[in-house]
Amino acid sequence: MIEIRNLQFQPLTFNLSGQGTLHLGPRERKSIARMDLSAEIKTAGKRGLVRITDLTGGAEPEPEKPTATEDAAADEAKTTSKRRK
């Protein structure tokens, strides 16, 4: 089983790899079968819209990647601004 958690404050709808759709309300969690995990849901996980967790204890779930805001904050920390006098 795979648990999918909506990380957004708005509802999301995904197509499953089989027939049907998955509706997630804001911050809602649902479990689906591993074979129903579609490329659309995997892409949403990579973009930081949802968190995908493997509940079966089989293969290791993919580690969470930093979101775009964390990347921007890291880039800001690398550059320093100089003040004019």
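Going by the structure above, here's the rest.
Right, let's walk through the structure included here.

Basis of the calculations
- Residues numbered from 1 in each chain as written.
- Predicted model: local features only at pLDDT ≥ 70, side-chain atom pairs only at ≥ 80, totals over all residues.
- Heavy atoms only, no water.
- Salt bridge = Lys/Arg side-chain N within 4 Å of Asp/Glu carboxyl O.
- Buried < 20%, exposed > 50% of the residue type's maximum accessible area, 1.4 Å probe, protein only.
- Helix = DSSP H or I, 4+ residues; strand = E, 2+ residues; numbered from the N terminus.
- Pairing = 2+ DSSP bridges.
- Axes fitted to C-alpha atoms, helices over the stretch in contact; angles between N-to-C directions.
- Contact = heavy atoms within 4.5 Å.

Some remarks on the pattern of salt bridges
Under the defined criterion, the tally for this structure stands at two salt bridges. Taking the shortest distance from any N to any O, the salt bridge between Lys30 and Glu28 comes out at 4.0 Å. The class of Lys30 is partly exposed, set by a relative accessible area of 30%. Note that Arg34 is salt-bridged to Asp54, the shortest N-O span being 2.7 Å. A residue pair is termed long-range when its members are at least 10 positions apart, and Arg34 in the loop between strand 4 (29-32) and helix 1 (39-47) and Asp54 in strand 5 (residues 50-54) qualify at 20 residues.

Regarding the sheet that holds strand 1 (residues 2-6)
Here we have three strands laid out as an open sheet, ordered 4-1-5, and antiparallel in their pairing. Each having just a single partner strand, strand 4 and strand 5 make up the two edges of the open sheet. Across this sheet, the average inter-strand angle for adjacent strands is 20 degrees, counted without regard to direction. Here strand 1 runs beside strand 4; their pairing, made up of four bridges, is antiparallel. In the strand pairing of strand 4, Glu3 is matched with Ser31. In this fold helix 1 packs onto strand 1, strand 4 and strand 5, with an angle of close to 110 degrees to the strand it touches most, strand 5.

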